[in-house]
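Structural description and commentary
Residue-level listing of the chains:
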Amino acid sequence: GLGLTYKKDENFGEWYSEVVVSSEMIEYYDISGCYILRPWSIAIWENLHAFFDPEIKRMNVKNAYFPLFVSDSVLQKEKDHIEGFAPEVAWVTKSGKTELEVPIAVRPTSETVMYPYYSKWIRGHRDLPLRLNQWCNVVRWEFSNPTPFIRSREFLWQEGHTAFATKDEADQEVLEILELYRRIYEEYLAIPVIKGKKSELEKFAGGLYTTSVEAFIPNTGRGIQGATSHCLGQNFAKMFQITFENESREKLMVWQNSWAYSTRTIGVMVMVHGDDKGLVLPPKVAAVQAIVIPVPYKDADTQGIFNACSSTVSLLSAAGLRVEADLRDNYSPGWKYSHWEMKGVPLRIEIGPKDLANKQVRVVRRDDGSKQDIAMDNLVEQVKKILENIHESLFNKAKEKRDDCIQKVHTWDEFAVALNDKKMILAPWCDEEEVEKDVKARTKGEMGAAKSLCTPFDQPELPEGTLCFASGKPAKKWTYWGRSY
Ligand SMILES: O=C1CCCN[C@@H]1CCCn1cnc2cc(F)c(Cl)cc2c1=O
Ligand SMILES: [Mg+2]
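Counting starts from 1 at the beginning of each chain's written sequence and moves along it residue by residue. Throughout, the order in which chains and ligands are written sets their labels, letters from A for the former and numbers from 1 for the latter. For this predicted model, a pLDDT threshold of at least 70 governs which residues receive local features, and a threshold of 80 or more governs which side-chain atom pairs are given and counted, while totals over whole chains, interfaces and linings are taken from all residues. Derived side-chain values reflect all non-hydrogen atoms in the structure, with water molecules and hydrogen atoms excluded from consideration.

1. So, the overall build of the protein chain
Within the protein chain, the secondary structure is distributed over 14 helices and 23 strands. Taking 23 Å as the expected radius of gyration for a compact globule of 485 residues, we find that the protein chain reaches 25 Å, a close match to that expectation. The cut-offs for exposure are 20% and 50% of the maximum accessible area for each residue type, with area from a 1.4 Å probe on protein chains only; residues under the lower value are buried, those over the upper are exposed, and the others partly exposed. Looking at the protein chain as a whole, 53% of its 485 residues are labelled buried. A contact between two residues is defined here by any heavy atoms of the two lying within 4.5 Å. When contacts within the protein chain are restricted to residue pairs at least 6 apart in sequence, long-range pairs at least 24 apart make up 69% of them. Secondary structure follows DSSP: runs of H or I at least 4 residues long count as helices, runs of E at least 2 residues long count as strands, and numbering of each begins at the N terminus. Each radius of gyration reported is based on C-alpha atoms, and the globular scaling rule is 2.2 Å times the count of residues to the power 0.38.

2. Observations concerning the nonpolar core
Only buried residues count toward a nonpolar core, which is a set of Ala, Val, Leu, Ile, Met, Phe, Trp, Tyr and Cys residues joined through side-chain atoms within 4.5 Å. By size, the foremost hydrophobic cluster in this structure holds 58 residues, and its most contacted members are Met25 and Phe52. Once you skip the residues sitting within four places of it in the chain, Phe52 turns out to touch Trp135, Gln158, Leu180, Tyr181, Ile184, Trp259 and Tyr261. Counting residues in each nonpolar core, the second largest holds 25 residues, with Val363, Leu379, Ile386 and Leu394 among its members.

3. Thoughts on the site of ligand 1
Only heavy atoms are used to decide nearness, and a residue is near a molecule or strand if one of them lies within 4 Å of it. If you check the shell around ligand 1, you find 18 residues, and the closest are His81, Phe85, Thr109, Glu111 and His230. Within the side chain of Thr109, a nitrogen or oxygen atom sits 2.8 Å from a nitrogen atom of ligand 1. Residue His230 places a side-chain N or O atom 2.9 Å away from an oxygen atom belonging to ligand 1. Secondary structure elements with two or more residues in the shell around ligand 1: helix H4 (79-83), strand E8 (154-164), strand E11 (222-233) and strand E14 (255-262). Throughout this entry, Asp, Glu, Lys and Arg are counted as charged residues, while Ala, Val, Leu, Ile, Met, Phe, Trp, Tyr, Cys and Pro are counted as nonpolar. The remaining residues, Gly among them, count as polar. Classifying every residue of the shell around ligand 1 by side-chain character gives eight nonpolar, six polar and four charged. Whenever two N or O atoms come within 3.5 Å, that pair is a polar contact, provided that in protein one can donate a hydrogen and the other can accept it, and provided that, for residues adjacent in sequence, both atoms are side-chain atoms.

4. Description of the pairing of strand E7 (residues 130-139)
Extensive coverage of E7 is indicated by the burial of 10 of its 10 residues. Residue alternation in E7 divides its side chains into two sets, Leu130, Leu132, Gln134, Cys136 and Val138 and Arg131, Asn133, Trp135, Asn137 and Val139, and both sets are buried. Note on pairing: DSSP must find at least two bridges between two strands before they are called paired. When strand E3 (residues 62-63) meets E7, the two strands line up parallel, connected through two bridges. Counterpart to Lys62 in the pairing with E7 is Leu132. Bridge count between E7 and E8: 10 bridges; the pairing is antiparallel. Bridged to Leu132 within E8 is His161.

Now the structure itself:
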């Protein structure tokens, strides 16, 4: 039947699994950790691509496509960078009944696939910067609880891999890409994120430093890495001999970055904005921004109503809006209202006999349920305005809720209380790795340990003499901590 069985604030995990299926974004698949992405979710992926791809092209990044498969020898080349990951590498060992001579890995990420060729292609400084991206799938055979969009064994992402002659160029691009990721979350998904730097313990071990945009899920009190932009330094240049001759014919190693966002973005959007009626889609990424529904009454001019629905679709579509009509005659208006609310369509436009007579439509907002009658002749401008207002309202509500979950602490006791209260905790830290490991050890439990999420670029005042919340040593920075996905 219609409507969700589970409530978001009572059974979050079950609510989430039900919403992604009932909104027709996901179909569960017979291989654990793998999901079918139906058109309703791929449309969101495409709308994010429609923003991001032109932006990176403006930065002279070119799209390429590298093989899905990695030879064992090349993968092993990066021993320390993959040692922790080895258990999640998927291997092809047979074709048909025949064992392969040498097993072949399925890419979990593409450094080892791409960089031998970066070494071949980059000879002189005129070959730099080399900036390639690929839109693809990757496979990581994770064992921790699979969650659609958030943690799956195969997922879609873009991975950018760039090489520069100087560190300054690399440092600059890391932040340019991070700003695009902030825009994806805040300007398209209406989700507030925090830009920051990962600790040495949490960063990508193969790189020099990692920056990220961090989101937060109030219902579970867990932080979640929204996207990541690494500076790899010259680590991979050393490993794969990626060198270039500069103007004075010196052989120098390149400076590299790599950066990614994935279909995890969609899961964060569901978790942050969804409610007990289903999905709530931010207008800029919604496959359908407004659904037009006829409300016939007995035989009062039914054809007129249907014509008005179709012309409303044409009018709004011509203005560049993504609008459809649900003219199916085997479903009642009430059924359609619930169906499209479940799918999270930002606006519903109802047209009944009265509306027809008054040359107006009834517009109903998905985010707050508010209704208003709008004259047909300024419908385009009004609908555009309302959709913008829905985005702002979704963002402001999510930001207020996220800010309510942030707790600033100074002592361990305050930290422990805040962690128990499912907060994202801002604490002064001495920046020592041993202390960070100690925090993880002291907070271990079935809910998972607390970890550092990021050191925000936007640092609050750190008065002289402020002590680290965990070690009591002189604090060097404010860092966000919390449980995470
Ligand atoms: O996060 C990004 C941006 C896009 C390109 N890659 C980097 C680093 C990826 C880290 N990472 C993440 N997961 C991995 C899983 C694995 F099985 C293996 Cl072998 C390696 C890795 C691994 O290196
Ligand atoms: Mg992983």
